[in-house]
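Next come the chains, spelled out residue by residue.
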Amino acid sequence: MSHTSETILKVNHAGEYGAIQIYRAQIAVARLMGWPCAVELQHMQAHEREHFAIFDALAKARTSRTCHAPWLWAAGGYALGFVTALFGEKGIWSCTIAVERNVFTHLEDQLDWTAQHDRELHAAVQAIIEDEAAHRDEATAHRGAPRVIDGVLEALVGRTTKFAIWLSHRL
Ligand SMILES: [Fe+2]
Ligand SMILES: [Fe+2]
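Residues numbered from 1 in each chain as written. Chains lettered and ligands numbered in written order. Predicted model: local features only at pLDDT ≥ 70, side-chain atom pairs only at ≥ 80, totals over all residues. Heavy atoms only, no water.

1. Considerations on the state of the cysteines
At step 1: In the structure shown here, the tally under the stated rule is 0 disulfides.
At step 2: In this structure cysteine 37 is a free cysteine whose sulfur lies 12 Å from that of cysteine 95, the closest cysteine sulfur available.
At step 3: A disulfide-free cysteine, cysteine 67 has its sulfur positioned 19 Å from the sulfur of cysteine 95, the nearest such atom. (Disulfide = S-S within 2.5 Å.)

2. A word on a nonpolar patch on the surface
At step 1: Together, Tyr78, Phe82, Val83, Leu86, Phe87, Val148, Ile149, Val152 and Leu156 make up an exposed nonpolar region whose accessible area comes to about 790 Å².
At step 2: For the nonpolar patch, the secondary-structure elements that each account for two or more residues are α3 (70-85) and α6 (148-170).
At step 3: Here valine 148 is to be found in helix α6. (Patch = residues over 30% accessible without salt bridge, like charges linked within 9 Å, V, L, I, M, F, W, Y side chains within 5 Å. Areas by Shrake-Rupley, 256 points an atom, 1.4 Å probe, with all protein chains shown as cover. Salt bridge = Lys/Arg side-chain N within 4 Å of Asp/Glu carboxyl O. Helix = DSSP H or I, 4+ residues; strand = E, 2+ residues; numbered from the N terminus.)

3. Considerations on the pattern of salt bridges
At step 1: A full pass over the atoms with the stated rule returns 7 salt bridges.
At step 2: The residue glutamate 154 makes a salt bridge to arginine 101 at a minimum N-O spacing of 2.8 Å. Remark: arginine 101 occurs in helix α4 (residues 88-117) and glutamate 154 occurs in helix α6; sequence separation between them is 53 residues.
At step 3: When its relative accessible area of 15% is taken as the criterion, glutamate 154 is described as buried. (Buried < 20%, exposed > 50% of the residue type's maximum accessible area, 1.4 Å probe, protein only.)

4. What about the coordination of the iron ion (ligand 2)?
At step 1: For the iron ion (ligand 2), the full set of protein donor atoms is Glu48 (OE), Glu100 (OE), Glu100 (OE), Glu132 (OE) and His135 (ND1), at a range of 1.9 to 2.5 Å.
At step 2: Mapped onto the polypeptide sequence, the residues donating to the iron ion (ligand 2) form the spacing pattern E-x51-E-x31-E-x2-H.
At step 3: A separation of 3.8 Å is found between the iron ion (ligand 2) and the iron ion (ligand 1), which share glutamate 48 as a coordinating residue. In this pair, glutamate 48 sits in helix α2 (residues 37-61) while histidine 135 sits in helix α5 (residues 119-143), placing the two residues 87 residues apart along the sequence. Side by side, glutamate 48 and histidine 135 carry an identical accessibility label, which is buried. (Donors = N, O, S within 2.8 Å, 3.2 Å for Na, K, Ca; no water.)

5. Side note on helix α1 (residues 5-33)
At step 1: For α1, built from 29 residues, the straight-helix expectation of 42 Å at 1.5 Å per residue is met to within 8% by its first-to-last C-alpha distance of 42 Å.
At step 2: Positive backbone phi, approximately 70°, marks glycine 34, located one or two places after α1. (Expected span 1.5 Å × (residues − 1).)

6. Examining the side chain of glutamine 45
At step 1: Inspection of the secondary structure puts glutamine 45 in helix α2.
At step 2: Taking relative accessible area as the criterion, glutamine 45 reaches 9% and is therefore assigned buried.
At step 3: Contact partners of glutamine 45, with chain neighbours within four places excluded, come to Ile20, Tyr23, Arg24 and Ile27. (Contact = heavy atoms within 4.5 Å.)

7. Focus on the coordination of the iron ion (ligand 1)
At step 1: The protein atoms that coordinate the iron ion (ligand 1) are Glu16 (OE), Glu16 (OE), Glu48 (OE), His51 (ND1) and Glu132 (OE), at distances of 1.9 to 2.7 Å.
At step 2: Every donor residue of the iron ion (ligand 1) comes from the same chain, spaced as E-x31-E-x2-H-x80-E.

What follows is the structure, given as structure tokens:
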């Protein structure tokens, strides 16, 4: 994929915002149901808030344009988190696995280009990529053996995440 600093910043900024909302919905359902995963989800959400702050600060410092439709990531992220949480704790972790796997691949793709063209942005991506890999791996460990529905959820959420990334390049 061809890159520009402004686009990378815009897409990552929107993505982290969406991630916060996914976790927000999952935490709300998990608390309501008394599921133990709420604690772990709060940890992960705290990371997403830090990630968002990194890209937000960078965008402000550069007066770089952010996504035109933050409400879309808020609503879409919340809906994704809520719907997958209806399938229980394993549903939550299936969503996390699919989202974080795609986010990791997406960030990995940015590392080479930013290393050559934008050291500051490279450092920002480098600072968060290990967290996303850890979220993916922890979610995989927490879910354990997947049910049939978890495979379906993972595939659907994976497609949704890819679509959201594609869309955020264009908004
Ligand atoms: Fe993140
Ligand atoms: Fe994450």
